[in-house]
Structure formats: C-alpha cells, structure tokens
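Notes for the structure review
The residues making up each chain are set out below.
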Amino acid sequence: MQRIRVKTALASDAPMDFIRIQGWVRTRRDSKGFSFLEINDGSCLKNIQVIIDQDTPAFADLKDIQTGASIEVSGALMESPGKGQRWEIKARDLKLFGAADPESYPLQKKRHSDEFLRTTAHLRARTNKYGALFRIRSESAFSVHQYFRDKGFIYLNSPIITGSDCEGAGELFRVTTLPVNLPHTESKTDIFQDDFFGKEAGLTVSGQLEAELFACALGNVYTFGPTFRAENSNTPRHAAEFWMIEPEMAFADLSDNMDLAEDLVKHMTRHVVEQCSEDLELFARFVDKDLMKHVEMVLNSTYERIPYAEAIDILKKSGKFFEFPVDFGVDLQTEHERYLCETHFQKPVIVYDYPKAIKAFYMRLNDDNDTVAAMDLLVPRVGELVGGSQREERYDVLKRRILESGMDPADYWWYLDIRRYGTVYHSGFGLGFERFLMMVTGVTNIRDIIPFPRTPKHLEF
Ligand code: 4AD
Ligand code: MG
C-alpha cells in the first residue's frame, strides 16, 4: 500500500483505492455513525480529513485517538462531499503510535499567542503558523544555495570557533575548557596558555575574514552558517545565535556588491512567493495585512542608493521626532532606517559611505579619509537586512586601521598577508537570515523566526 504525504494526497488528480498516511491529529469530531479526524503531517498547511464509519473495524481503534496523538491511517482517497476540501480519506484501519492526553496537551484548538508558544517551542512547529514558518525557512535556505550555485560561487564552511573578533566589537562568546573558578590574578595571556587552544578563543561573529581569504583564491565564495554575538541588546531584531549568509567577491567594488545584495534579496523573496504561496498567505491574512504590499515592493522596485550624508540630511529635514536624535557621525537606528524606506522612499534603500568611526576596521577607506566604502541595505519593517563593504586591500592602510581600532596587527598577520601577496580589490556582505524571514513573513520578533531562540537569559530547549 502506498504511503504518501498529506501534501501529495491533497494534490492528487484522481481517487486512490489504497493509501496510507502518518501524522498528528489536529482535531477529532464525533457525530452520529461517524467520526472525523483532521490529520496534519507537516508537509503542508492543510490537514486531510479522515472519515471513520462506525461499521468499519477502524472505529474500535478510535478510543485513545485525541488531539495531538500520532497515528497511521489506511484507506481510500475519495472525493469529499463536504465543503472546504476536495479529498478525504475513508479509513479502513487506524494505528495509534503515541496518545496525547487531551487534558494536558498544550496546543488547544484556539489561537495561541506567540509569547505562549515560545514557552512551548518544542511543540510549536505543530501549529499552522509555525509549521508554515519553518517550511518557508527551509525553502529560503535552499534558495540561497541555488542562487549562488547558479552564479558559480563556491560554498565555504568558515570555522565556528575562532581566535579573532571580526567586527572588533568585543561581542565574542568565550570558548574555554578552563575551570570557571579560575583565579583572575595572572595576566590574560598567561591564563589562556593553559586553555584548550593555548590562546583566547570564541564563537565566531562572522565568517567574513576567512571568506576573504578564500575569495582571494577561488574568486567568488559564500558562507551560510550560524554566528554568535554576546551583545546584550534585548531587541526584537537581535539574537545571540543567528544565521548569516556572507558572499565575498574578488575583483568587485562597492557597486558590484550593492548589485549582488539587491539581486540576492529579490531572488530569495521571489522563491518564497513562488514556492510557498499557501504558507505565505497565512502570514498575509493573520500576521500582517500589508505584507504582500511590502513583498511586492521588495520584488519590483529598484532600490534607492544614497550616501550616508544624504540619509542624515533627509532624516534631519523630515521634521519627525526620533527617539535617537540624528546627527552626522551617529549610527542609524532602526527607527531612522525604517523612516527612510517606509516613509521617505517607500522602497528598500542602500545607504553607503559611512563615517569610518562607526564602522569596522576592514572597510575600504575612501579618498576623503573620513568615510569608508560601507553599505547597509535597509528594508521596510526590519531596517538593516544587509551590512557589507568593499574591503581595504592596501596593506599599509589596513595595518593603520587595525592599530587605530585598538587591535593588535600581530593577531591578524594572516589577514594582512593576503594584502602582501596578490592583493585584489574585493567586496562582500552579510545578510541576516532571520531578518530576511521577518521581512517576508511580517513576523516582528526574531524569537519567533528561529526554531530555538537564544537571547539574554533564555536558553530553554
Ligand atoms: O552588519 P553586520 O554586523 O556585518 C558583518 O558581520 C559583516 N562581517 C558581514 C560581511 O560583510 N561579511 O551583520 C550582518 C547582518 C546584519 O545586517 C543583520 O541582518 C544581521 O547580520 N545581524 C543579526 N541578526 C540577528 N541577530 C543579531 N544579533 C544580528 N547582528 C547582525
Ligand atoms: Mg551592520
């Protein structure tokens, strides 16, 4: 007997005499002479309805089958006389794998709040919304690999344990095998000599530095992996563990970099719209009524490109009250970023040429000696989705910038070496995978985008 997924059964164009499906009971309804089960197996948003006639042997097996139970149904796929679905299964046999106590099963038929579901993250993928979300997440990840493969980029696995702080922001989680109660009397270097790696180690905040090395050998590369930041910002847009997509291109300048960012975001968005239409519709109906308007905007507009100085000018002249005052030299906050793309331009905006003081050491110094060839892609709802730059390829300038940033060039000898042997102009960026998913689903909290979110004081599951 053919075992198939609910998605395939629902898409069938003809009845089938014998099929077998396995999944979890969403609801059970008993009426005179019949019982109805709604089964979901995670393959799609829709459930399949199962009808159990009291004259069949299956009826006797219904006893312990309640919401949440895992079962197997064998029977015939038939046209449904009822409204709302084309197909239903007339059950011949039922097999219960695991019962679920209806009294304590956390997922009741009503709609649950996101906050509640965060406390039930081990089960939340069984709800319509989270099932849809994690299918979209999976499809989006696929679209990333597809995009780069088609463009001839090489996929690089950059290390997760690292000895260098790429962003120079000191937000590294420490990795150590030293006892926690180690007395902190000796100097730092001495302590770490006895540690596993013999030096201070941390979880990576970005795979960029390694990606640069490989771009300067393989041409175009990208990483797609988890990154970690111990920034204590409890915002709906920051997680301590998140996934980043980081392409790096040799022989590419800032403008090539912007082209790639815009094209990638459009590709990923189009893929979700085309491949996940049913799941996406749930978000457009129940999560954000303006969702499709924004998605269309991301897909169909030509993104605005403005220098940082001009962005500051627009914000200052806007007459809008911002919680964080705007002035040349300050970093843009989410409220500013959202104003630029939601209100002023009404489309995604790429801001470039930021003051060097607010950006990382590796960004290429512009001729004005004051700004760097940085770029941030800002999108409606989310603000910064992409951060990137053309990299400093001149050995002397880079070394100076490392020193100016209070770092030790000796720690970055290998990074500097790339500028000594066959240096090339090159560029890349990081796209926050969760931020992308927030943009396409309208979900406003990053905790609801990651299967098991890690944020300050939260490490359940
Ligand atoms: O702007 P960021 O810090 O850039 C870098 O890390 C560069 N090394 C990337 C590169 O050029 N290869 O981070 C890139 C993106 C941000 O635009 C944002 O979308 C996301 O990563 N991001 C976060 N997402 C979730 N939680 C956090 N704490 C994040 N920090 C950054
Ligand atoms: Mg950034």
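Residues numbered from 1 in each chain as written. Chains lettered and ligands numbered in written order. Predicted model: local features only at pLDDT ≥ 70, side-chain atom pairs only at ≥ 80, totals over all residues. Heavy atoms only, no water.

**A few points about the environment of F429**
Worth spelling out the cut-off: Under the scheme used here, helices are H or I runs from DSSP no shorter than 4 residues and strands are E runs no shorter than 2 residues, and both carry numbers assigned from the N terminus. For this analysis, residues touch if any pair of their heavy atoms sits within 4.5 Å.
Along the chain, F429 turns up in strand β16 (residues 426-432). Residues F429 and I21, 408 residues apart in the sequence, show an inter-C-alpha distance of 44 Å. Not counting the four nearest positions on each side in its chain, F429 is found in contact with I245, E246, P247, N257, L260, A261, L264, M375, V386, G387, G388 and R391.

**Here we look at the site of ligand 1**
To keep things clear, this is the line we draw: Throughout, the term near means that a residue has one or more heavy atoms lying within 4 Å of the molecule or strand in question. Pairing of N or O atoms within 3.5 Å defines a polar contact, subject to two protein rules: one partner must be a possible hydrogen donor and the other a possible acceptor, and residues neighboring in sequence count only if both atoms are side-chain atoms. Only the protein chains shown count as cover for residues, and all accessible areas are computed by the Shrake-Rupley method using a 1.4 Å probe.
Around ligand 1, 25 residues are found, and the nearest of them are E167, Q208, R229, E246 and E384. In the environment of ligand 1, a nitrogen atom lies 2.7 Å from a nitrogen or oxygen atom belonging to the side chain of E246. Side-chain polar atom of R391 to an oxygen atom of ligand 1: 2.9 Å apart, as the coordinates give it. Here ligand 1 has 620 Å² of accessible area as a free molecule, and 94% of this is covered by the chains.

**Examining a nonpolar patch on the surface**
Quick reminder of the rule: Put simply, a patch holds well-exposed residues, over 30% relative accessible area, that have no salt bridge, with like charges counted together within 9 Å and Val, Leu, Ile, Met, Phe, Trp or Tyr side chains within 5 Å. Take a side-chain nitrogen of Lys or Arg and a carboxyl oxygen of Asp or Glu: if they are within 4 Å of each other, that pair is a salt bridge. Categorising residues by exposure relies on relative accessible area from a 1.4 Å probe, with only protein chains included: less than 20% of the type maximum marks a residue as buried, more than 50% marks it as exposed, and the intermediate range marks it as partly exposed.
Together, I160, I161, F196 and F197 make up a nonpolar patch on the protein surface, roughly 410 Å² of accessible area in all. By the secondary structure assignment, F197 is in the loop between α4 (188-193) and β9 (202-203). When its relative accessible area of 42% is taken as the criterion, F197 is described as partly exposed.

**Section: the pairing of β16**
Worth spelling out the cut-off: Note on pairing: DSSP must find at least two bridges between two strands before they are called paired.
Burial runs high along β16: seven of the seven residues are buried. What you see with β16 is no split at all: H426, G428, G430 and G432 on one side and S427, F429 and L431 on the other are buried throughout. Where strand β11 (residues 241-250) and β16 come together, five bridges link them in antiparallel fashion. By the bridge assignment, I245 is partnered in β16 with L431. Across five bridges, strand β15 (residues 383-390) lies against β16 in antiparallel orientation. Bridging from a neighbouring strand, G388 pairs with F429 of β16.

**Overview of the packing of helix α3 (residues 128-150) against helix α7 (residues 277-286)**
Put simply, the rule reads: Think of each axis as a best-fit line through the C-alpha atoms, taken over the contacting stretch in the case of a helix, with angles from 0 to 180 degrees between the N-to-C directions. For classification, angles of less than 35 degrees are called roughly parallel, those exceeding 145 degrees roughly antiparallel, those between 65 and 115 degrees roughly perpendicular, and all remaining angles oblique. By convention, the crossing between two helices is left-handed when the near helix turns anticlockwise from the far helix through less than a right angle, and right-handed when the turn is clockwise. When residues are sorted by character, Ala, Val, Leu, Ile, Met, Phe, Trp, Tyr, Cys and Pro go into the nonpolar class, Asp, Glu, Lys and Arg into the charged class, and all the rest, Gly among them, into the polar class.
Running from amino to carboxyl end, α3 crosses α7 at an angle of 130°, the nearest separation of the two axes being 9 Å. Judged by the inter-axis angle, α3 sits oblique to α7. Two packed elements cross with a definite hand, and for α3 against α7 that hand is left-handed. On α7, the residues touching N128, K129, A132, L133, R135 and I136 of α3 are D279, L280, L282 and F283. Residue classes in the contact of α3 with α7 are distributed as six nonpolar, one polar and three charged.

**Quick look at the environment of A201**
By the element assignment, A201 lies in the loop between α4 and β9. Discounting residues that sit within four places of it in the chain, A201 has contacts with I161, T162, F173, R174 and V175.

**Some details on the sheet that holds β11**
Consider a sheet: its strands pair through backbone hydrogen bonds, and that pairing is either parallel or antiparallel. Reading across the sheet, the eight strands line up as β7-β10-β11-β16-β15-β14-β13-β12 and stay open at both edges, with mixed pairing between neighbours. The open sheet has two edge strands with one neighbour each: β7 (154-155) and β12 (304-307). Contacts from helix α6 (residues 254-275) reach β11, β12, β13 (349-355), β14 (371-379), β15 and β16, with the element oriented near 30° to β16. Where helix α9 (residues 308-317) meets the sheet, its contacts fall on β12 and β13, and the angle it forms with β12 comes to roughly 95°.

**Considering the packing of α3 against helix α13 (residues 433-441)**
Between α3 and α13, whose axes approach to 11 Å, the crossing angle comes to 125°. The angle between α3 and α13 places the two elements in the oblique class. In the packing of α3 onto α13, the handedness of the crossing is right-handed. Between α3 and α13, the contacting residues are L133, I136, R137, S140 and A141 on the first element and F433, E434, F436, L437 and T441 on the second. Of the residues contributing to the contact of α3 with α13, the split by class is six nonpolar, two polar and two charged.

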